[in-house]
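# Summary of structural features
One letter stands for each residue in the lines below.
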Amino acid sequence: MARDSATPAGRGLDGRTALIALVAATVAVFLTLALQPGLVPATASCRHAGARAHQVSLAKVRKAITCLVNHQRSKRDRRRLEPNARLELAADRHTRTMLAKDCLRHRCPGEPGLNKRVRRTGYTDGQEAWRFAENLGYDNTPRQMVRRWLHSNFNRRNMLNPDFRDVGVGVRWGTPNPNLDDSKFATYTLVFGWRRP
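Residues numbered from 1 in each chain as written. Predicted model: local features only at pLDDT ≥ 70, side-chain atom pairs only at ≥ 80, totals over all residues. Heavy atoms only, no water.

### With respect to the packing of helix H6 (residues 142–150) against helix H7 (residues 153–160)
It is at 6 Å that the axes of H6 and H7 come closest, and there the two elements cross at 105 degrees. Considered as vectors, H6 and H7 are oriented roughly perpendicular to each other. The segment H6 lies against H7, with Val146, Trp149 and Leu150 engaging Asn155, Arg156 and Met159. Its residues assigned to classes, the contact of H6 with H7 shows four nonpolar, one polar and one charged. (Axes fitted to C-alpha atoms, helices over the stretch in contact; angles between N-to-C directions. Helix = DSSP H or I, 4+ residues; strand = E, 2+ residues; numbered from the N terminus. Parallel < 35°, antiparallel > 145°, perpendicular 65-115°, else oblique. Contact = heavy atoms within 4.5 Å. Nonpolar A, V, L, I, M, F, W, Y, C, P; charged D, E, K, R; others polar.)

### A few points about the sheet that holds strand S2 (residues 129–139)
Pairing within the open sheet is mixed, and its four strands lie in the order S1-S3-S4-S2. Single-partner strands in this sheet number two, and they are strand S1 (82–83) and S2. Pairing geometry for S2 and strand S4 (residues 186–196), over 11 bridges, is antiparallel. Residue pairing for S4: Gly137 is matched across the bridge by Tyr188. (Pairing = 2+ DSSP bridges.)

### A look at helix H4 (residues 85–101)
For H4, built from 17 residues, the straight-helix expectation of 24 Å at 1.5 Å per residue is met to within 8% by its first-to-last C-alpha distance of 24 Å. Among the residues of H4, Leu87, Ala90, Ala91, Asp92, His94, Thr95, Thr97 and Met98 are the ones counted as buried. Where H4 is buried, its residues meet helix H5 (114–119), S2, strand S3 (166–173) and S4. Regarding H4, its N-cap is Asn84, as a side-chain oxygen of that residue lies 2.9 Å from the backbone nitrogen of Arg86 further along. After H4 finishes, the residue Asp102 shows a positive phi value of roughly 45 degrees. (Expected span 1.5 Å × (residues − 1). Buried < 20%, exposed > 50% of the residue type's maximum accessible area, 1.4 Å probe, protein only. Polar contact = N/O pair within 3.5 Å; in protein donor to acceptor, adjacent residues only side chain to side chain.)

### Notes on the confidence of the model for the protein chain
Averaged over the protein chain, the pLDDT score is 84; the fraction of residues at 70 or greater is 78%. Low pLDDT, under 50, characterises residues 1–13; the predicted model gives this stretch zero contacts beyond four residues in sequence or across chains. The low-confidence segment residues 21–43, where pLDDT is below 50, has nine contacts with residues more than four positions distant or belonging to other chains. (pLDDT = per-residue confidence, 0-100.)

### As for the packing of aromatic side chains
In the structure shown here, the tally under the stated rule is four aromatic pairs. Taking the ring centre of Tyr123 as reference, the NZ or CZ of Arg195 above it sits at 4.1 Å. (Phe/Tyr/Trp six-rings, centres within 6.5 Å; stacked < 30°, edge-to-face > 60°. Lys NZ or Arg CZ within 6 Å of the ring centre and 35° of its normal.)

Shown next as structure tokens:
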């Protein structure tokens with residue numbers, strides 16, 4: 001009985017086709033998973049998370065911090081925080097004060113406390129109840145800043161508090177530490193809040 005010389009070649013071709021199909025299926029599964037919400041790493045889904053000082057605008061850094069905070073909250077089934085212009089105003093004023101006075105504190109000399117600073121912006125006008133919290137810090141990138149807050153019990157609790165609804169981000173180039181190179185850092189104030197009529 002004669003052997004079919006095409007059979008071995010046919011088997012080799014089928015094996016190669018099967019391997020190509022397997023690789024294509026693996027890539028398709030990976031892409032499907034990677035594009036699902038919640039499975040994309042924070043650095044991929046939050047633009048400018050790794051931006052160093054002066055690489056992008058302060059507005060982009062502000063958006064990156066908000067995105068990273070909301071990413072951490074969503075991983076723990078917390079609702080996302082909505083950016084609030086009045087809280088941002090309070091946060092920005094405090095960041096400027098900290099830089100001007102080389103003071104990394106929740107209340108710098110000659111400055112009112114958090115409650116008064118936020119109320120002056122009008123955030124509480126017409127409201128019956130409210131609550132605020134504040135995170136402070138400076139670091140090289142937004143991602144590094146959020147990581148640092150996550151490793152502090154106080155800041156982590158504020159960031160993940162399920163009661164908060166709004167956030168304001170104050171960010172400026174530089175650091176309140178006079179011994180560090182201002183060109184490599186950004187200083188942040190996050191003000192978290194909720195209010196009820």
